[in-house]
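Observations on the model geometry
Listed here are the chains, written in short residue letters.
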Amino acid sequence: MEVKKDILMWKEEQNGSYNVRSRYKVWRNAKKIHSNLNTNENWNSIWNIKAPAEVKHLLWRLCQDYLPTRLGNITDHRTHSFHDVKSLILDICSKEDRNTAGKVAVAIGAMWKNMNDLIWNDEHEDGSKVDWLAYHKWSE
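Residues numbered from 1 in each chain as written. Predicted model: local features only at pLDDT ≥ 70, side-chain atom pairs only at ≥ 80, totals over all residues. Heavy atoms only, no water.

**Focus on the packing of aromatic side chains**
Across all of its chains, the model carries two aromatic pairs by this definition. Measuring from ring centre to ring centre gives 6.5 Å for tryptophan 47 and tryptophan 60, while their planes differ by 35°; the resulting arrangement is tilted. Placement of the pair is tryptophan 47 in helix α2 (residues 44–47) and tryptophan 60 in helix α3 (residues 53–63), with a sequence separation of 13 residues. Residue classification places tryptophan 60 among the partly exposed positions, given a relative accessible area of 23%. (Phe/Tyr/Trp six-rings, centres within 6.5 Å; stacked < 30°, edge-to-face > 60°. Helix = DSSP H or I, 4+ residues; strand = E, 2+ residues; numbered from the N terminus. Buried < 20%, exposed > 50% of the residue type's maximum accessible area, 1.4 Å probe, protein only.)

Next up, the structure:
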């Protein structure tokens, strides 16, 4: 009787080979299952704020962890009563009036754009100008 050597097999692929794509799918499915267990989420609170549609969509994508961000590093020490950015955003959107939540959302959108301009174009605006641009975008 011949003894075959043990090999590692990745059960998520038919050929048994590990790849990043299938690992990402496993990770996303696990996140969705975990997220669905949280019944305190009120996604309508994001969609009901007074802010441009692209800013609402940015907040939703941040909450879904669909964007590669370093926001955790920025917000961890500021969010004492929240365990993550999603909780903070949903709390603001559901407890503040839609104008205030909209202003916060547009400010986040302006900071996001400024960060991306720095990363991709090596350009960025002064913080006071980002604030001014956010205010005028919200006022439109």
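**Quick look at the state of the cysteines**
Covalent bonding between the sulfur atoms of two cysteines defines a disulfide. Throughout the structure, instances matching the rule amount to zero disulfides. You can see cysteine 63 has no disulfide; the closest cysteine sulfur is in cysteine 93, sitting 7.2 Å from it. In this structure cysteine 93 comes out as buried when scored by relative accessible area, which is 8%. (Disulfide = S-S within 2.5 Å.)

**A few points about the packing of α3 against helix α5 (residues 85–95)**
Axis separation between α3 and α5 bottoms out at 9 Å; the angle between their running directions is 140°. Considering their axes alone, α3 and α5 lie oblique with respect to each other. The crossing of α3 and α5 is left-handed. Contacts between α3 and α5 pair Leu59, Leu62 and Cys63 from the former with Lys86, Ile89 and Cys93 from the latter. Residue composition of the contact of α3 with α5, grouped by class: five nonpolar, no polar and one charged. (Axes fitted to C-alpha atoms, helices over the stretch in contact; angles between N-to-C directions. Parallel < 35°, antiparallel > 145°, perpendicular 65-115°, else oblique. Left-handed = near helix turned anticlockwise from the far one by under 90°. Contact = heavy atoms within 4.5 Å. Nonpolar A, V, L, I, M, F, W, Y, C, P; charged D, E, K, R; others polar.)

**Notes on unusual backbone geometry**
Backbone geometry at aspartate 122 places phi at a positive 55°, although glycine is not the residue there. Residue placement: aspartate 122 occurs in the loop between α6 (98–121) and α7 (127–139). Look at aspartate 122 and you get exposed, because its relative accessible area is 66%.

**Remarks on the side chain of asparagine 114**
Looking at where asparagine 114 falls in the secondary structure, it is placed in helix α6. Residues in contact with asparagine 114, not counting those within four places in the same chain, are Glu123, His124, Glu125 and Val130.

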